[in-house]
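One letter stands for each residue in the lines below.
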Amino acid sequence: MAVRVTQSLNQTQFLSALATLESNLSQTQNQISSNKAFTTAAQNPTAAGAVNNYNQALAQSQQYDTNAHSAQSRLSIEDSTLSQVQTQLQSLRDLALQANNSTLSAQNRSAIATQATQIQNSLLSLANTQDGNGEYLFGGFSTQTQPFTLSATGAAYNGDQGQRQVQIAAGQTIADGDNGNTVFGQIKTGNGTFAATAVSTNTGTGILGATTVSNSAVYQAGNGQYSINFTAPGTYEVRDSANALITTGSYAAGGTIAFAGIQVTLSGQPAANDSFAVAPSTNQSVFTTVQNLVNALQPGANNSVATAQLNNSLGSAINNIDRALSQSSNVRASVGARLNSITTQQSVSGSQQVQLQTTISSLQSLDYASALTTLTQQNTTLSAALQAYTLTQGLTLFKYI
Amino acid sequence: MSDVFGISVSALQAFQAAINVTSNNVANASTPGYNRETTNLTEALPQSNGSATVGAGVVVSGVSRAFSQAAANQLNTSQSTLGQLTALQSYSTQIDNLFGTTIGGLSTSLQTFYSAFSDIANAPTSTASRQALLGKAQSVASGFQSASSELSNLNTDVNSRITSDVTQINSIAAAITTLNKQIVTGTAQDGGQPPNELLDQRDQLVSKLSQLVGVTTTTDSNGALNVFVGNGQPLVLQGLTTALTTVPNQFNASQLEISTSVLNGNVISGSITSGDLGGLLAARTQVLNPALNKLGQVATALSQTVNSQQASGLDLNGKFGSAIFSVGTPQAVSSSQNTDATTATVSVNPTGLGALTADNYVLSYNAGAYALTRASDGSSVAFTGNGTAGNPLTADGISIVLSATPAAGDQFLIQPTATAASSLKIVLTDPSKIAAAGAVQASASNSNAGGAVISSGTTLDATNPNLLNTVTVTFTSATTYSINGGANQAYTDGGNIDFNGWEVQISGAPANGDVFTVKSNAGGTGDNRNALASAAQQAVGVLQNGTSSTTGAVSALITGLGSQAQQINTAQAAQAAVNSQALSSVQSLTGVNLDEEAASLLQWQHAYQAAAQALAIGNSLFTSLINAVNK
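Owing to the predicted nature of the structure, the values given are computational and were not obtained by experimental measurement.

J.: Can you walk me through the overall build of chain B in this structure?
T.: Counting secondary structure elements, chain B contains nine helices and 30 strands. Here the C-alpha radius of gyration of chain B, 41 Å, is well above what a compact globule of 631 residues would show, namely 25 Å. In terms of principal-axis extent, the alpha carbons of chain B reach across some 165 × 50 × 40 Å. Burial statistics for chain B: of 631 residues in total, 45% are counted as buried. Look at the contacts in chain B between residues 6 or more apart in sequence, and 71% of them connect residues 24 or more apart.

J.: Explanation requested: the environment of Gln537 of chain B in the structure shown.
T.: Residues and elements named next belong to chain B. Position of Gln537 relative to the elements: it lies in the loop between helix H7 (529-536) and helix H8 (550-590). Under the C-beta neighbour-count criterion, Gln537 is labelled buried, with 20 such atoms within 10 Å. It is 7.8 Å that separates the C-alpha atoms of Gln537 and Thr305, two residues lying 232 residues apart in sequence. Setting aside chain neighbours within four positions, we find Gln537 in contact with Tyr114, Thr305 and Gln309.

J.: Which parts of the structure should I look at to understand the packing of helix H5 (residues 275-312) of chain B against H8 of chain B?
T.: All names here are of chain B. At a minimum axis separation of 9 Å, H5 and H8 run at an interaxial angle of 170 degrees. The orientation of H5 with respect to H8, classified from their angle, is roughly antiparallel. On H8, the residues touching Val287, Ala291, Lys294, Leu295, Gln297, Val298, Ala301 and Leu302 of H5 are Thr550, Ala553, Val554, Leu557, Leu561 and Gln564. Along the lines of polarity and charge, the residues of the contact of H5 with H8 split into 10 nonpolar, three polar and one charged.

J.: Looking at this structure, I do not really get the confidence of the model for chain A. What am I missing?
T.: Low pLDDT means the predicted coordinates in that region are not meant to be read closely. With 100% of its residues at a pLDDT of 70 or more, chain A has an overall mean of 90. Ranking the elements of chain A by mean pLDDT puts helix H5 (residues 216-221) of chain A last with 86 and strand E1 (residues 148-151) of chain A first with 94.

J.: I'm lost on the interface of chain A and chain B in this one. Help?
T.: One frequently used descriptor of interface size is the decrease in accessible area upon assembly of the parts. Taken together, the 48 residues of chain A in the interface contact 55 residues of chain B. Every element with two or more residues in the side of chain A that touches chain B is listed here: helix H1 (7-34), helix H2 (45-99) and strand E3 (165-169) of chain A. Sorting elements by how many residues they give to the side of chain A that touches chain B places H2 of chain A first, with 10 residues. By residue class, the composition of the side of chain A that touches chain B is 14 nonpolar, 30 polar and four charged.

J.: How do you make sense of the sheet that holds strand E17 (residues 393-395) of chain B when you look at a structure like this?
T.: What holds strands together in a sheet is hydrogen bonding between their backbones, with the strands either parallel or antiparallel. Residue and element names in this part refer to chain B. Taken together, three strands build an open sheet; the order of strands is E14-E18-E17 and the sheet is antiparallel. Across the chains shown, the open sheet's two edge strands, defined by having one partner strand only, are strand E14 (344-348) and E17. The sheet shows a mean angle of 20 degrees between the axes of neighbouring strands, direction not considered. Relative to strand E18 (residues 398-402), E17 runs antiparallel, the two sharing three bridges. Considered in E18, the bridge of Leu393 is made with Ile400.

J.: Would you take a moment to explain helix H3 (residues 106-127) of chain A for this structure?
T.: Since there are 3.6 residues in each turn of an α-helix, residues three or four apart along the chain are aligned in direction. All names here are of chain A. For H3, which comprises 22 residues, the first-to-last C-alpha distance of 31 Å matches the rise-based estimate of 32 Å (1.5 Å per residue) to within 8%. Those residues of H3 that sit buried are Arg109, Ala116, Gln120, Leu123, Leu124, Leu126 and Ala127. Along the axis of H3, the buried positions cluster into a sector of 155 degrees, meaning they face one direction only. Exposed residues on H3 whose side chains face more than 90 degrees from its buried face are Gln107 and Thr114. Where the residues of H3 are buried, they touch H2, E1, strand E2 (154-157), helix H4 (180-185) and helix H6 (286-296).

J.: Can you help me understand the environment of Ser70 of chain A in this one?
T.: Among the structural elements, Ser70 of chain A can be located in helix H2. Between the C-alpha atom of Ser70 of chain A and that of Leu382 of chain A, which follows or precedes it by 312 residues, the distance is 58 Å. Contacts of Ser70 of chain A, omitting those with residues within four sequence positions, involve Val166 of chain A together with Asn122 and Ala123 of chain B.

J.: Which parts of the structure should I look at to understand the packing of helix H1 (residues 4-27) of chain B against helix H9 (residues 594-630) of chain B?
T.: A packed helix pair is summarised by two numbers, namely the angle formed by the two axes and the spacing between the axes. Residue and element names in this part refer to chain B. At a minimum axis separation of 9 Å, H1 and H9 run at an interaxial angle of 160 degrees. With respect to each other, H1 and H9 are oriented roughly antiparallel. You can see that H1 and H9 cross each other, and the crossing is left-handed. Between H1, through Val4, Phe5, Ser8, Ala11, Leu12, Phe15, Gln16, Ala18, Ile19, Thr22, Asn25 and Val26, and H9, the contact on the second element is made entirely by Leu594, Glu597, Ser600, Leu601, Trp604, Ala607, Tyr608, Ala611, Ala612, Ala614, Leu615 and Gly618. Tallied by class, the residues present in the contact of H1 with H9 amount to 17 nonpolar, six polar and one charged.

J.: It is not clear to me how H5 of chain B should be interpreted in this structure. Could you clarify?
T.: Residues and elements named next belong to chain B. In this model, H5 (38 residues) spans 54 Å end to end at C-alpha, consistent with the 56 Å of a helix rising 1.5 Å per residue. For H5, the principal kink sits at Ala283 and spans about 35 degrees. With 34 of its 38 residues buried, H5 lies for the most part within the structure.

J.: How do you make sense of unusual backbone geometry when you look at a structure like this?
T.: For residues that are not glycine, phi is negative in most cases, and the peptide bond is trans in most cases. Here Asn273 of chain A, not a glycine, exhibits a phi torsion of approximately 75 degrees, which is positive. Within the element layout of this structure, Asn273 of chain A appears in the loop between strand E12 (262-267) and strand E13 (275-280).

J.: Explain the sheet that holds strand E27 (residues 488-490) of chain B to me, please; I cannot follow it from the model alone.
T.: Residues and elements named next belong to chain B. If you walk across this open sheet you meet the five strands as E22-E30-E25-E26-E27, and the pairing is antiparallel. Pairing within the sheet leaves two strands with one partner each, and these edge strands are strand E22 (440-444) and E27. Geometrically, the sheet is characterised by an average inter-axis angle of 25 degrees between neighbouring strands, direction not taken into account. Note that E22 and strand E30 (residues 515-520) share five bridges and pair antiparallel. Residue Val440 lies in a different strand from E30, and its bridge partner there is Ser520.

Procedures and definitions
Residues numbered from 1 in each chain as written. Chains lettered and ligands numbered in written order. Predicted model: local features only at pLDDT ≥ 70, side-chain atom pairs only at ≥ 80, totals over all residues. Helix = DSSP H or I, 4+ residues; strand = E, 2+ residues; numbered from the N terminus. Rg over C-alpha atoms; globule rule 2.2 N^0.38 Å. Buried ≥ 20, exposed ≤ 12 C-beta atoms within 10 Å, placed from the backbone. Contact = placed C-beta atoms within 7 Å. Axes fitted to C-alpha atoms, helices over the stretch in contact; angles between N-to-C directions. Parallel < 35°, antiparallel > 145°, perpendicular 65-115°, else oblique. Nonpolar A, V, L, I, M, F, W, Y, C, P; charged D, E, K, R; others polar. pLDDT = per-residue confidence, 0-100. Pairing = 2+ DSSP bridges. Expected span 1.5 Å × (residues − 1). Arc of directions from axis to C-beta. Left-handed = near helix turned anticlockwise from the far one by under 90°. Bend = angle between axes of the 7 residues up to and from the residue.

Dropping the structure here:
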């Protein structure tokens, strides 16, 4: 037997169906006008959560870009500053070579000394460079204190050894600078391993030349402190820091003295009791190196002994300038490498962001074709329902009685 | 007398009555609660004339209504469930819309807040970026506040709807009681004939009642209906109404609970699980309060982690950073039924964030022992301690201290996170007090002969009073070092050296006599280590045993609330279909079909006409007889 259908139930059910149809139609309409597949999380909780997470990842990636950009600008300033430092050091080296010429008059040397002082000032101002935020580039963490101030022996470093890191990707930080102590202060003297110096009371004309470590293992076995003593103009002995005799030999001008893995060339003629000290390299500020150069260029006695002393000083200055040059090259290379990794990271994060945006859009954006199809379907259903209602409403037996 | 006149007249009267009943059906076709009625016709008792028995006509033995108690009960139950889900849905939908905007905005502002730390890391001395961070912090705090205030508003709305529901329920119950009396009297007066109109009205009221609250009914033999709510609490017993009342929650006077006028304020909210009222109570306990607690959990974690990171670093003035956020003290409320004045105070352990839940707890004291249960499901929670200041009750990342030993039976509601979101405030106004720099800095002496380098140093324990003291690490040989001239320690390349609450690593080959110094980083205003650490906190898991970060927790909250809303929507739609089915089955049984009534009318009309014709024939027979006699 068929289910009895009553007119009032018919009415109620039609109205409730109509409400559902209209609410669905309005939701589709909202989706189309807002271009969003869902407007509240309840419509698709999983996608809503995912979109939220992807949006966060996107914002974070964009922040990493901002960070990278900030590090990039700071490192670029550092790179160009270091390039100028190298130019200045190169000029200084040329000046030292120029001064190391016995035909030069005291006046000429004094002029060179003036130029060296100017270079020292330029170096000082480069070392005190500020970035776009007014922060000192080479102050370590103390970016608001001028890192270098001139002193009698060169320059005092007022910064610290801090090195600021910037996050340029998840788990990847990069230093956005180098402290002044590393760049200008901690520069090894001599050949970087040891330094040979002529004792200031020497009375001969012995001039130190190239020094090398000929046997690293043997060199490292000792403590690196030796003294080469001339017992007679052509004879020397080498003693270590405990005054134990290491070796003896006879010397001819331009000859090489080798001991304990060390090779030292000497030219000129040392007098008896002249002595040359060999000690492990120590750290010396580039400003001290310049100051020593300037001091050495001050007029002195005009004799062969004083010339030898000058030559020795200039030789050691040139050595130290070379070390400073190589230090700034090293730092520049590291800055370059960091700039490279920033560029690499930027392109990686660029494609990541495109990927994230695509994903977000695929989750969140509306598929217009299907939404419009749905809208048409819903529209058709609604009109059909309305039509059916008006058709069936006339159907009553009472009409025929 | 059994003759054609008597029979015809009885038929005319019966069919007249049937036509009246049918017309009444047509008239009430759209009346809510009307049940179709049918005329019961019975043969009149015949009178024997000795040889044959001829019927005596027809009588109306009664008018019965089409009604099935089973179908009505089914519909009522279904309406109660639908009512519950619809009320629940109205709140879950509002929350869904809310976190589409407010809470979703919270997620964004939290993200930009952490990004602002990165901006500070890029330019630690810039006041602009510091000021920007404070602005972002403000919008985070406002986000939490407005989300929680919207949830509180919904809670207030729940209260007013509970009050209105209870008023309606009571007035319906009173009407049922009145009808009960009328039905009992009416049935007795009519000699057992049920007063259909009154029954229809009463059933209609029960149906209305079941939309408001789930009810069960029993009918007594005298026709009176008894109505029960919850776990059998009587609402109507014969001619007596027991009104429902609203009482304030024993722990939170701003939340109304349900009781009845005979229960002395005993709360029966827990047993009211269906109908609009059940939905309102469920919205509060399943949707609103948990959302508020979860928001509070995130606010607590945010405030604690950001502030403790602040305290680990130095600001532009070289001082330890100041707190950026503050949250109100977690709530521990004494029950209004406690017999003494003992109070409880609760705090979130600084190291307990991983264990902190979004639950409320009930602490009770009975037979000399404390018991801690989860308020949501009554499950027991393990704890340690004895509740004194020296040895607080500790469980799930919270500590509870009682002012004195409570009286037996005392109860306290512990709400570790409920008020945190609404009370999250920004307390830092001076941008220079944001700690961007690490607390200590490490350096190698320039006269070091070895090639070892020292890391910049991290803070392990910002509360160590000696943290900022200058400390020297001197190598006493290439393989040993001494801190501040202390005992020699073996050197491990890259190994951690922890002292005074900081940690550094020295790596490479140190030489005998090399010196490294660790000291206060005051003046290191360009340092950004603490800002970096603060920015990195975005991804650091702190909640849920370290598996969920603050931003992750907000995300999870959005997904969770969305899923809940979706689930409720689905259940509501399913129940609406069930309800429509139940309604169909009731209507198909008791509703008025106009075509059927039209056919009935025609049937009765024809029967009436036939009976009238029979009367005419009787008359003509009689006339024939008279005429024959008169001739």
